[in-house]
Amino acid sequence: MQVKETKKKSFLSGLTGQIIIAMVLGATLGIILHNSISAEAAQSFSDKIKMLATIFIRLVQMIISPLVFTTLVVGIAKLGDLKTVGRIGGKALGWFFTASFISLLIGLFYVNILQPGVGLKLDHVDMAAASEVTAKTKILSFENFIEHIVPKSIFEAMATNEILQIVIFAIFFGLAAASLGSTVKPVINAFDKISHIVLKMVNYVMNFAPIGVFGAIAGVFAIRDAEELLITYFKFFGSFLIGISTLWVVLILVGYIFLKGRMTELLRRIVGPVAIAFGTTSSEAVFPKLTEELEDFGVKNKIVSFMLPLGYSFNLDGSMMYMTFASIFIAQFYGVHLDLGTQMVMLLVLMLTSKGIAGVPRASLVVVAATCGMFKIPVEGIALILPIDHFCDMFRSATNVLGNALATSVVGQWENDNDMDDIPDGQDVISDNI
């Protein structure tokens, strides 16, 4: 009955419809103000209206840490033993690295075929704007990479929403809980109840999503001349869209291969999260909602709670495609020749250095800047793509959501095929040991 009632709702009354309306209204307002008020006034308006998006994203961020920790601990405890965790983790990492490699190759292919940086003339490039990004490249040393993965304090990791660090702690905690048997059953059940409360909070927070999207879009269009930007960067942005569209086609085809007809239902369910990620340029903003949709899709909560946090650190398909594309675009602009062997080495460097920095602001740009430095490409070239980066970020954030939804669903189906249904999945039964 509930499903039928949901289907009877008009498109515009649903969250996705409201978000699309918010995008249109935000873009319209931003363009009108950009063309009718001074640049200073537009900047002031942008700073204020973007607070709507900031509030929405902060509301989501306050949920992420408790949701990741509680659901992952319960999920690990339900999986029951190190062997099962290792099997699912192995499948997850295998998928993530394969998807990352394919995404990087797609970016590499199109940037070499279309060569958007060759012969491009850009005037008035604001090099100072790149300083914020290039200043963060020091975090990408191997030592800092390892330190970033392993938490020194779970409270610090939660306070800063370091998803990968929370995952590491939760895995140890969940395995330890499962090994202690029935004595810790009340604790695990309590975490299970907390996770359901947090998921209920998601429904409240998502009601604010259209307002947040409206603020984000209006703020950008108020200070950016979209028409001028798209004309100036027509070749770059057009080439990028061809690449990201190809990646979408590949991901969806792979989805139909593994999920068959259910892929259509998955796409229908994730339209809302994809639209939110597109409007706010934050895949993190839809983490709680995506968790809920995937569980409603039929993926067991123990799989969702294990896969999604890992995916948000290791499986950013849209960002991966953009990294090779942007790095070689900058090299083309400055006339730096990179042979195929060097480009393949760059691809492998990008694959490794990009893992586990999802919590770094503008992480894709930070990785691009660091990679340029490693291969003697002028790091200040990051300023070339800053003006158009927000629009690229909309598409890569949406692609990250699709990639993680697909990875979680496919691994969930693999586990069902392995008779994972035999493991008790009720909140009153945590594992065979508890």
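The rules behind these values
Residues numbered from 1 in each chain as written. Predicted model: local features only at pLDDT ≥ 70, side-chain atom pairs only at ≥ 80, totals over all residues. Heavy atoms only, no water. UniProt positions renumbered as here; feature names shortened; annotations may be inferred. Axes fitted to C-alpha atoms, helices over the stretch in contact; angles between N-to-C directions. Helix = DSSP H or I, 4+ residues; strand = E, 2+ residues; numbered from the N terminus. Left-handed = near helix turned anticlockwise from the far one by under 90°. Contact = heavy atoms within 4.5 Å. Nonpolar A, V, L, I, M, F, W, Y, C, P; charged D, E, K, R; others polar. Phe/Tyr/Trp six-rings, centres within 6.5 Å; stacked < 30°, edge-to-face > 60°. Lys NZ or Arg CZ within 6 Å of the ring centre and 35° of its normal. Core = buried A, V, L, I, M, F, W, Y, C linked by side-chain atoms within 4.5 Å. Buried < 20%, exposed > 50% of the residue type's maximum accessible area, 1.4 Å probe, protein only. Salt bridge = Lys/Arg side-chain N within 4 Å of Asp/Glu carboxyl O.

- The chain has the name Dicarboxylate/amino acid:cation symporter in an unreviewed UniProt entry, where Flavobacterium azizsancarii is given as its organism.
- Reading the Subcellular location (unreviewed entry) entry of the UniProt record for the chain gives the comment "Cell membrane".

1. Observations concerning the packing of helix 4 (residues 82-114) against helix 12 (residues 234-259)
- Viewed as axis vectors pointing N to C, helix 4 and helix 12 meet at an angle of 145 degrees, and their least axial separation amounts to 10 Å. Both helix 4 and helix 12 take part in a crossing whose hand is right-handed. For the pair formed by helix 4 and helix 12, the contact residues are Trp95, Ile102, Ser103, Ile106, Tyr110 and Leu114 on the first element and Lys235, Ser239, Ile242, Gly243, Thr246, Leu247, Val250, Val254 and Phe258 on the second.
- Along the lines of polarity and charge, the residues of the contact of helix 4 with helix 12 split into 10 nonpolar, four polar and one charged.

2. A short note on the packing of aromatic side chains
- Taken as a whole, this structure holds 20 aromatic pairs when the rule is applied.
- Here phenylalanine 240 and phenylalanine 325 contribute two aromatic rings whose centre-to-centre distance is 6.2 Å and whose plane-to-plane angle is 65 degrees, an arrangement assigned as edge-to-face. Of the two residues, phenylalanine 240 sits in helix 12 while phenylalanine 325 sits in helix 16 (residues 317-333), which places them 85 residues apart along the sequence.
- Aromatic ring contacts, followed pair by pair, group Tyr233, Phe236, Phe237, Phe240, Phe278, Tyr322, Phe325, Phe329 and Phe395 into a single cluster.
- Across from the ring centre of phenylalanine 297, 4.0 Å away, lies the NZ or CZ of arginine 262, which sits over that ring.
- It is arginine 396 that lies over the ring of tyrosine 322; its NZ or CZ is 4.1 Å from the centre.

3. A short note on the environment of phenylalanine 96
- Tracing the backbone shows phenylalanine 96 in helix 4.
- Excluding anything up to four places from it in sequence, phenylalanine 96 contacts Met307, Leu310, Gly311, Phe314, Asn315 and Ala407.

4. A look at the nonpolar core
- Counting 125 residues, the largest nonpolar core has Phe56, Phe236 and Ile385 as the members making the most contacts within it.
- For this core, the element with the highest residue contribution is helix 19 (residues 382-417), accounting for 16 residues.
- Those residues in contact with phenylalanine 236 that lie beyond four places of it in its chain are Pro116, Tyr322, Phe325, Phe329, Ile385, Ile388 and Cys392.

5. Points about the pattern of salt bridges
- Per the stated rule, a full pass over the model turns up eight salt bridges.
- Between lysine 289 and glutamate 292 there is a salt bridge, with the nearest N and O atoms lying 3.5 Å from each other. With lysine 289 and glutamate 292 both in helix 14 (residues 287-297), this residue pair falls three residues apart, about one helical turn. Considered together, lysine 289 and glutamate 292 belong to a single accessibility category, that of buried residues.
- Here the residues in one salt-bridge network are Glu265, Arg269, Lys289, Glu292 and Glu293, joined through shared partners.

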